[in-house]
Amino acid sequence: MRLFLLTFLFLYGGTHLYFFLKLMAALSLAPGATLCLSLFLLVMTLAPLLVHVLENEGLETAARLFAYVGYTWMGVLFLFFSASLALDICRLVALGAGLLSHRDVAVFAATQRPAFLISCCCGIAAAAYGYFEARTIRTERVVIVSPKIPQSVGKLTIVQISDVHLGLIVRQERLSRIIEQVKAAAPDVLVSTGDLVDGQINRMAGLAELLQEIKPRYGKFAVTGNHEFYAGLEQSLAFTERAGFRMLRNERVTVGEMITIVGVDDPAGSQINRSRVVTEKSLLSQVPPDTFTLFLKHRPSIDRESLGLFDVQLSGHVHKGQIFPFNLVTQLFYPVKTGFSVYPRNSALYVSRGTGTWGPPIRFLAPPEVTVIELVSPPAER
């Protein structure tokens, strides 16, 4: 944890330094304004830590205020950094091309002030768009035809939510919108594939009661994500179970006598010795092969030894980057596409973009989703 904290402060502080140097090169500020700017950037760098401290002290209102301001700034800063870095690269390419061709390409190399202002406008505009995109939850539908679904049943509707991150920022208003869409889908089964709560989990009065309103025919099931462990496993489990979910912690359950749901703990549990280690292959091998196997796993990684032992794996975690172009970074660690993918031996993977937001209340080119998976039996032979 200490190493993670130091790495975060180094990278996040470095991004703030980049912004400071760009601003100072573009604008002439008086000493007093420079001091105020420096103090603001220092506070914003430390804002995630300050939020944690304020919450631990029971100062919920102050913690929420710092969370909104600090994390919104984080989103704006990342978008500014992305736009500014793109302009820097273009300028270097233009200058390099000019040197190689012995031509004057100064017209293509923006000066410091226009480049800074363009980057600021792009960052603010993208953040404003992303704020409203984060509040527009989309319904994604996937139809899977399987002979393991009996003709007498016809169709089984599974609704997936993932990465809701209930906490200081995602509250009643956002959760109510999610619940409306889940209810509209009329699920037979509701699953949560991790990070239902955030790492900064506070009192959250009334949120579990809202989730209790959803009563699918065959029940609600959930697995842990990394944030359940960050928030404190005991209180995370208590909240999830109070909301009506059955936690599947390296275990399986058969519902409706036709589908087996298998759930595994997030690796964060084993890293802090709060989860028993069970291999996916050994767990999935216990499932009768003639039942449809739905595998719930927070992180979208495929264990090649498990292929053929499950029909569909539902995952989340990556948020599709949440704020473009951060998806380029998540692709380095999880080289899978969001949405539906088919794998060998009749196994498939669906990766949700996530239903809420982590950190900045912003989603840019990665809208939140509620996923509706319809399992249908093949047409009857004539």
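Structure first, text after, so check above.
Only a predicted model underlies this, so the values are computations on that prediction, with no experimental measurement involved. (Residues numbered from 1 in each chain as written. Predicted model: local features only at pLDDT ≥ 70, side-chain atom pairs only at ≥ 80, totals over all residues. Heavy atoms only, no water.)

## Quick look at the overall build of the protein chain
Here is the rule: Working definition: helices are DSSP H or I runs of at least four residues, strands are E runs of at least two. Numbering for both runs from the N terminus. Throughout, the radius of gyration refers to the C-alpha atoms, and the reference size of a globule is 2.2 Å times the residue count to the power 0.38. Each residue is placed in one exposure class: buried if its accessible area under a 1.4 Å probe, protein chains only, is under 20% of its type's maximum, exposed if it is over 50%, and partly exposed if it falls in between.
Check the secondary structure of the protein chain and you find 11 helices and 12 strands. Computed over the C-alpha atoms, the radius of gyration of the protein chain is 24 Å, within 12% of the 21 Å expected from 2.2 N^0.38 for a compact globule of 382 residues. When the backbone C-alpha atoms are referred to their principal axes, the protein chain occupies close to 75 × 55 × 40 Å. Sorting the 382 residues of the protein chain into buried and exposed places 52% on the buried side.

## Topic: the packing of helix α1 (residues 2-26) against helix α2 (residues 31-56)
Defined as follows: Helix axes are fitted only over the stretch in contact, all axes being lines through C-alpha atoms; the angle between N-to-C directions runs from 0 to 180 degrees. An angle below 35 degrees is treated as roughly parallel, one above 145 as roughly antiparallel, one from 65 to 115 as roughly perpendicular, and anything else as oblique. The sense of a crossing depends on the near helix, which, turned anticlockwise from the far helix by less than a right angle, makes the crossing left-handed and, turned clockwise, makes it right-handed. In what follows, a contact means two residues having at least one pair of non-hydrogen atoms within 4.5 Å. Amino acids are sorted into nonpolar (Ala, Val, Leu, Ile, Met, Phe, Trp, Tyr, Cys and Pro), charged (Asp, Glu, Lys and Arg) and polar (every other residue, Gly among them).
Contact pair α1 / α2: the axes reach a minimum separation of 10 Å and the direction vectors enclose 155°. Classed by the angle they form, the pair α1 and α2 counts as roughly antiparallel. Crossing hand, α1 versus α2: right-handed. Listed contacts from α2 to Leu5, Phe8, Leu9, Tyr12, Gly13, His16, Phe19, Phe20, Leu23 and Met24 of α1 are Thr34, Leu37, Ser38, Leu41, Met44, Thr45, Leu46, Pro48 and Leu49. Among the residues making up the contact of α1 with α2, the classes are represented as 14 nonpolar, five polar and no charged.

## Brief notes about a nonpolar patch on the surface
The following threshold applies: Patches draw on residues past 30% relative accessible area with no salt bridge. Two like charges within 9 Å are joined, as are two nonpolar side chains (Val, Leu, Ile, Met, Phe, Trp, Tyr) within 5 Å. Per-residue accessibility takes into account occlusion by the displayed protein chains alone, with areas from the Shrake-Rupley method and a 1.4 Å probe. The salt bridge definition used is simple: a Lys or Arg side-chain nitrogen within 4 Å of an Asp or Glu carboxyl oxygen.
Together, Leu5, Leu42, Val43, Leu46, Leu49 and Leu50 give the surface a local cluster of nonpolar side chains, amounting to about 410 Å² of exposed area. If you tally residues by element for the nonpolar patch, the top one is α2, at five residues. Within the element layout of this structure, leucine 50 appears in helix α2.

## As for the pattern of salt bridges
One pass over the full model with this rule turns up 16 salt bridges. When the shortest N-O distance is used, the salt bridge between aspartate 311 and lysine 148 registers 3.2 Å. Linking aspartate 311 in the loop between β8 (292-296) and β9 (312-315) with lysine 148 in the loop between β1 (138-145) and β2 (155-161), this pair joins segments that are 163 residues apart in sequence. Bridged by salt links that share partners, the residues Lys22, Asp88 and Arg91 form one connected network.

## A closer look at the layout of surface pockets
If a probe as big as a water molecule is rolled over the atoms, it shows which places are left empty. Counted only if it meets this: Grid spacing is 1 Å over the protein atoms alone, the probe is 1.4 Å, and a cavity is where that probe fits but cannot get out, while a pocket is an open set with protein on both sides within 12 Å along at least five of seven lines and lining residues have an atom within 4 Å of a point. Grid points are joined across faces, edges and corners, and a volume is the space filled by probe spheres set on the points.
Space inside the largest pocket adds up to approximately 2,300 Å³. If one sorts the elements of the lining of the largest pocket by residue count, α1 sits on top with seven residues. Classifying every residue of the lining of the largest pocket by side-chain character gives 27 nonpolar, 15 polar and three charged.

## Some thoughts on helix α3 (residues 60-101)
Rule in force here: One less than the number of residues in a helix, times 1.5 Å, gives the span that helix is expected to have.
Compared with an ideal rise of 1.5 Å per residue, which puts 42 residues at 62 Å, α3 spans 60 Å between its outermost C-alpha atoms and is within 8% of the ideal. Positive backbone phi, at 60°, marks histidine 102, one or two positions downstream of α3.

## As for the packing of aromatic side chains
Where two aromatic rings form a pair, the distance of their centres and the angle of their planes describe that pair. Counted only if it meets this: In this analysis, rings of Phe, Tyr and Trp, with Trp reduced to its six-membered ring, are considered paired at centre separations within 6.5 Å, and the interplanar angle assigns stacked below 30 degrees, edge-to-face beyond 60, and tilted for intermediate values. Ring-over charges, as used throughout, are those where CZ of Arg or NZ of Lys falls within 6 Å of the ring centre and within 35 degrees of the ring normal.
Overall, the coordinates contain 12 aromatic pairs when judged by the stated rule. Ring geometry for phenylalanine 295 against phenylalanine 310: centres 5.6 Å apart, planes inclined by 40°, an arrangement best described as tilted. Of this pair, phenylalanine 295 sits in strand β8 while phenylalanine 310 sits in the loop between β8 and β9; the two residues are 15 residues apart in sequence, bridging distant segments of the chain. Phenylalanine 310 shares its class with phenylalanine 295; the two are buried. In this structure an aromatic cluster arises from ring pairing among Phe19, Phe40, Trp73, Phe80 and Phe116. In this structure, lysine 220 packs its charged tip against the face of phenylalanine 245, placed 5.2 Å from the ring centre.

## Some words on the sheet that holds β8
Spelled out, the test is: Strand pairing follows a simple DSSP-based rule, namely that at least 2 bridges must link the two strands.
Read from one edge of the open sheet, six strands run β6-β7-β8-β9-β11-β10, paired in mixed fashion. Each edge of the open sheet carries a strand with a single partner, namely β6 (251-255) and β10 (339-343). With strand direction ignored, the average angle separating the axes of adjacent strands in the sheet is 20°. Here β9 pairs with strand β11 (residues 347-351) via four bridges, running parallel. Within β11, the residue paired with glutamine 313 across the bridge is leucine 349.

## Structural notes on the sheet that holds β2
Spatial ordering of the open sheet is given by β1-β12-β2-β3-β4-β5, a layout of six strands whose pairing is mixed. Each of the sheet's edge strands pairs with one partner strand only, and the pair in question is β1 and β5 (246-247).

## Focus: the pairing of strand β12 (residues 369-376)
For β12, the buried fraction is high: eight of the eight residues fall into the buried class. Here β12 shows two buried faces, one formed by Glu369, Thr371, Ile373 and Leu375 and the other by Val370, Val372, Glu374 and Val376. Pairing between β1 and β12: eight bridges, direction parallel. Along β12, the bridge assignment pairs valine 145 with valine 376. Bridge analysis of β2 against β12 gives six bridges, and the strand direction is antiparallel. Bridged to leucine 156 within β12 is leucine 375.

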